[in-house]
Amino acid sequence: MNRLNLFPKPAFIERMKLLLPNEKDFQNAAKSYQKAIENEPRFWEARFNLANILTNLGDPSQAVELYKSVIMLNPGFTKAQDNLNLVLEEIEQSNIRKK
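Note on numbering: residues in each chain are counted from 1, in written sequence order. Given that the model is predicted, a residue must reach a pLDDT of at least 70 before its local features are reported, and side-chain atom pairs must reach 80 or more before they are shown or counted; all residues, however, enter totals for whole chains, interfaces and linings. Side-chain figures throughout are based on the complete set of non-hydrogen atoms in the structure, without hydrogens or water.

S.K.: Teacher, can you tell me more about the packing of helix α3 (residues 44–56) against helix α4 (residues 60–73) here?
M.R.: The relative placement of two packed helices comes down to the angle between their axes together with the axis-to-axis distance. Running from amino to carboxyl end, α3 crosses α4 at an angle of 160 degrees, the nearest separation of the two axes being 8 Å. Between α3 and α4, the interaxial angle falls into the category roughly antiparallel. Classified by chirality, the crossing of α4 by α3 is left-handed. Contacts between α3 and α4 pair W44, R47, F48, L50, A51, N52, L54 and T55 from the former with P60, Q62, A63, L66, Y67, S69, V70 and L73 from the latter. Only Asp, Glu, Lys and Arg are considered charged in this grouping, and only Ala, Val, Leu, Ile, Met, Phe, Trp, Tyr, Cys and Pro are considered nonpolar; every other residue, Gly among them, is considered polar. Classifying every residue of the contact of α3 with α4 by side-chain character gives 11 nonpolar, four polar and one charged. Orientation is described by axes fitted as lines to C-alpha atoms, over the contacting stretch for helices, and by angles from 0 to 180 degrees between their N-to-C directions. Numbering of helices and strands runs from the N terminus, with a helix taken as a DSSP run of H or I at least four residues long and a strand as a DSSP run of E at least two residues long. Each angle gets one of four labels, with under 35 degrees taken as roughly parallel, over 145 as roughly antiparallel, 65 to 115 as roughly perpendicular, and the rest as oblique. Note on convention: near helix rotated counterclockwise from far helix by under a right angle means a left-handed crossing. Clockwise means right-handed. Contacts were defined at the residue level, with two residues in contact if any of their heavy atoms lie within 4.5 Å.

Here you go:
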């Protein structure tokens, strides 16, 4: 499964496809977002973007925690809830396939 197609075409992912064509670039972007969050823990946009990247890199459990923190920091940002639901569904499907 191409993880970039997991979410319904948010503008961020579309831009990231153009800017970060390979996994190493995503890893570097993730480090940058982590540093931004360390410097400003309430930076919900960085948390959301990092969660998207981690999902695409195959780390859905950490993405779930980040999406939850985005929802706590900005409850009106419905894309975080949408993406959280999609990731939880993907985790559930993955668990079913493993059985």
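S.K.: Can you help me understand the side chain of R47 in this one?
M.R.: By the element assignment, R47 lies in helix α3. A simple rule labels every residue: compare its accessible area, found with a 1.4 Å probe on the protein chains alone, to the largest value its type can have, and call it buried under 20%, exposed over 50%, or partly exposed in between. Positive charge is attributed to Lys and Arg, negative charge to Asp and Glu, and no charge count is given to His or to the chain ends. Salt bridges are counted wherever a side-chain nitrogen of Lys or Arg sits within 4 Å of a carboxyl oxygen of Asp or Glu. Buried charge without a salt bridge: R47, with E40 as the nearest opposite-charge side chain at an N-O distance of 8.5 Å. Dropping the residues within four chain positions of it, R47 is found in contact with I37, P41, L66, S69, V70 and L73.

Take it as geometry only, folks, not as evidence of what the structure does.
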